[in-house]
Structures are given as structure tokens and as C-alpha cells.
Amino acid sequence: MTIAKLSGPPTDAEVDGWAATLVAAHAADLPGVPAPTRVEIAGRLQVPPARGRAALWIADGSAAVAGLLLFMDEANSHTAFLDVLAVRPDARRQGIGTAVWQRVREELLAQGRTSVEAMVDLGGPGQAFAESLGFRNVLPMAWYVQDVTRPQPPQAAVTPGYELRAWHGPVSDDWARPVAEAHGAMEDAPMGDVEEKIEPWTPERLHAAYRLILDRGGEVTTVAAVTGSGEVAAYTELVLPDPGGERALQYDTVVVPAHRGRGLGRAVKLRMLELAAQRYPGLRQIATTVADENTPMRTVNESLGYRRERGTAYFQLKL
């Protein structure tokens, strides 16, 4: 068995092998769920992350692949995120996944990490494998999907005192600080026992996050409810990892605590739906994750037509 740790960004041939493995694994484990496209996979592999350093492994001609994100900020230098560990279906039950994991574990220990997290779909081989390694579920969640081809609820009038603004691509410089400050309201979102700490949002970090999406071949749109005094009271972000793909991702949707209970979460999401339909006629679905204990956001999503697709969770292992 040959397990190679990549010393630099993957070549196009390596991306092709990686994509073939992910698509095959996805088809076996998540039938009916759109697989990541090559554009999305290449972007994640060939463009370095903004928050840390990536480590990548390929085993036996891409029979298995693994990607690890090593956080570099001081608050999270003790932990890491296992972005992917996938084994091609025809290569399973031969010890390849376990062997690749051992390489990942060696890297974690060599980098002084004391824990690692992964997002794992529930009820399938990924959960069984994670639990066999000692990972435990620390934040139950679920994927919710909205069919954007169906008639959507009418857009309600925005609460008096607020205005909706939208940016396609990076948020403009004059609004970057208010949007970053609103991001800070995510600190009260349910996080279970996840050890990863939320970094403070600054205009610089906000711009870096948007640049990463664009550099990886994707597109991002932000819709915010703002006050006359220049405060961002609520916002939502829509990301298309592949602008030609049929599924978009709803990133953060946040309502600042002082402005909750006024329908702003619903308002920004409805405006986002309208903009997405105009810009992306080929878009079919918007998917998002919500923690099981985040009842307010689940209620808003259900009112907009989101349906529960599958259970997922943050799993964590103490090393």
C-alpha cells in the first residue's frame, strides 16, 4: 500500500483522481444528493485555505484520499478539522481507510494537536468508521434543502426602520466593518462541545473569506438588513462553490440579538431567494446545516420550504 502526502497543490491529474474517488464514494453513501463538482473540488485542493494550513494524502492511485485543515490561529492551535477521508467503494474493507487515518493521526501529533473534528453524515459508513476510531458526536445537526424551482413565499415588507442591501461578491469597504460586527453575533449559536473557538471577525478576515470563495472558482452574495444609523441588524450569505452547479450553500444567517423577533431573518432569506433566481437560472437547490437545538432558525427555514434531507454532526476525537 502506497500513501503519499502531497508536498504542494495537487496537479490536474491528481485532482481528477481525487474527484473520481469523492464522486464514487458520494454516489454509494448519499444517493440522490448532488455530488461536489470538479470545479468545487479543484478549488478546495489547489487554493490554500485562509484559516490555516492544509495537509493532503492520496493512497494507492486515489483509492483513498484525505484532507486535513490545521488551524494556525493561537486560539485553535491545539485542534484541527478533518475535511475529508474517503475510500472508493471498490477499495473498502481492505484496511486502506484505517491506514490513511494513521498517517493523518501522525501528522496531528507531530503538529502538537490534542483534538480533531470532522463533519460526519449520520447513519452511514462514515459514522461507523468515525466511532470505531473513537470520535464522538458533540453537535447533532441536519442538512436542510430548499427546492428553488417551486413557487416561493411572497416577499413581505421589511420592518419599518430597516432597509435591505445586497452585495454580489465581496461586501463593499464602507460596509465591511458593520457586517463583520454582525458576524460576531454567531458567538451565541449552538456549538455543543466543539473545541474549535470562533475567531473575532474583522473587515480583513471578512474580505479574506470572500476572496477565498472567489479564488476557488465560486461566487458569493450577501443580503443584509441595515438600520438608518449604519448598523447591520441581520444578514445571510449564499455561496455557489461552482456557479454552474445545481446546488448552492446557505452559509451564515444571523440576526443580531437586539433586532430579533422582527422577521429580519425571514426577510433577508426571501430577498436572497429572489436574487438567486434572477442570477442563476440553472440553480435547483439551496442547502444548509442547522444544529438540532437551534429551534428559531429551523422554524424560519421550515416557513420558507426547507425540508430535512439527512442527519449530520460534528464529531470530535481527543488525541
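Up top is the structure.
All of the points below concern the structure found in this document.

### Regarding the sheet that holds strand 12 (residues 307–318)
Inference 1: Here we have twelve strands laid out as an open sheet, ordered 1-2-3-4-5-12-6-11-10-9-8-7, and mixed in their pairing. Each of the sheet's edge strands pairs with one partner strand only, and the pair in question is strand 1 (3–5) and strand 7 (162–168). Ignoring strand direction, the axes of neighbouring strands in this sheet form an average angle of 25°.
Inference 2: Sheet topology note: the strand 2 (residues 52–59)/strand 3 (residues 64–71) ladder contains eight bridges and is antiparallel. Looking at the pairing, Leu 56 lines up with Gly 67 of strand 3.

### Focus on the side chain of Lys 269
Inference 1: If you trace the backbone, Lys 269 turns up in helix 7 (residues 264–279).
Inference 2: For the buried Lys 269, no salt bridge is present, and the opposite-charge side chain at shortest range is Asp 252, 10 Å distant.
Inference 3: If we ignore the near neighbours within four places in the chain, the residues touching Lys 269 are Thr 236, Gln 250, Thr 253, Met 297, Val 300, Asn 301, Leu 304 and Tyr 306.

### A closer look at the pairing of strand 11 (residues 285–291)
Inference 1: Along strand 11, six of the seven residues are buried, which leaves the element largely enclosed by surrounding structure.
Inference 2: As defined by bridge partners, strand 6 (residues 136–147) adjoins strand 11 across seven bridges and the pair is classed as antiparallel. Residue pairing in the sheet places Gln 146 in a bridge with Ile 286 of strand 11.
Inference 3: Of the pairings in the sheet, the one linking strand 10 (residues 247–255) to strand 11 comprises three bridges and is parallel in character. Across the sheet, residue Ala 248 finds its bridge partner in strand 11, namely Ile 286.
Inference 4: Regarding the hand of the β-α-β motif, the stretch spanning strand 10, helix 7 and strand 11 is right-handed.

### What about unusual backbone geometry?
Outside of glycine, negative phi angles account for most residues, and trans bonds account for most peptide bonds.
Inference 1: The phi torsion at Ser 62 lies on the positive side, around 70°, for a residue other than glycine.
Inference 2: Of note, Ser 62 is situated in the loop between strand 2 and strand 3.
Inference 3: Here the phi dihedral of Arg 93 falls at roughly 65°; this positive angle occurs in a residue that is not glycine.

Procedures and definitions
Residues numbered from 1 in each chain as written. Predicted model: local features only at pLDDT ≥ 70, side-chain atom pairs only at ≥ 80, totals over all residues. Heavy atoms only, no water. Pairing = 2+ DSSP bridges. Helix = DSSP H or I, 4+ residues; strand = E, 2+ residues; numbered from the N terminus. Axes fitted to C-alpha atoms, helices over the stretch in contact; angles between N-to-C directions. Buried < 20%, exposed > 50% of the residue type's maximum accessible area, 1.4 Å probe, protein only. Lys, Arg positive; Asp, Glu negative; His and termini not counted. Salt bridge = Lys/Arg side-chain N within 4 Å of Asp/Glu carboxyl O. Contact = heavy atoms within 4.5 Å. Right-handed = clockwise from strand over helix to strand, strands pointing away.

Purely geometric numbers; function is a separate question.
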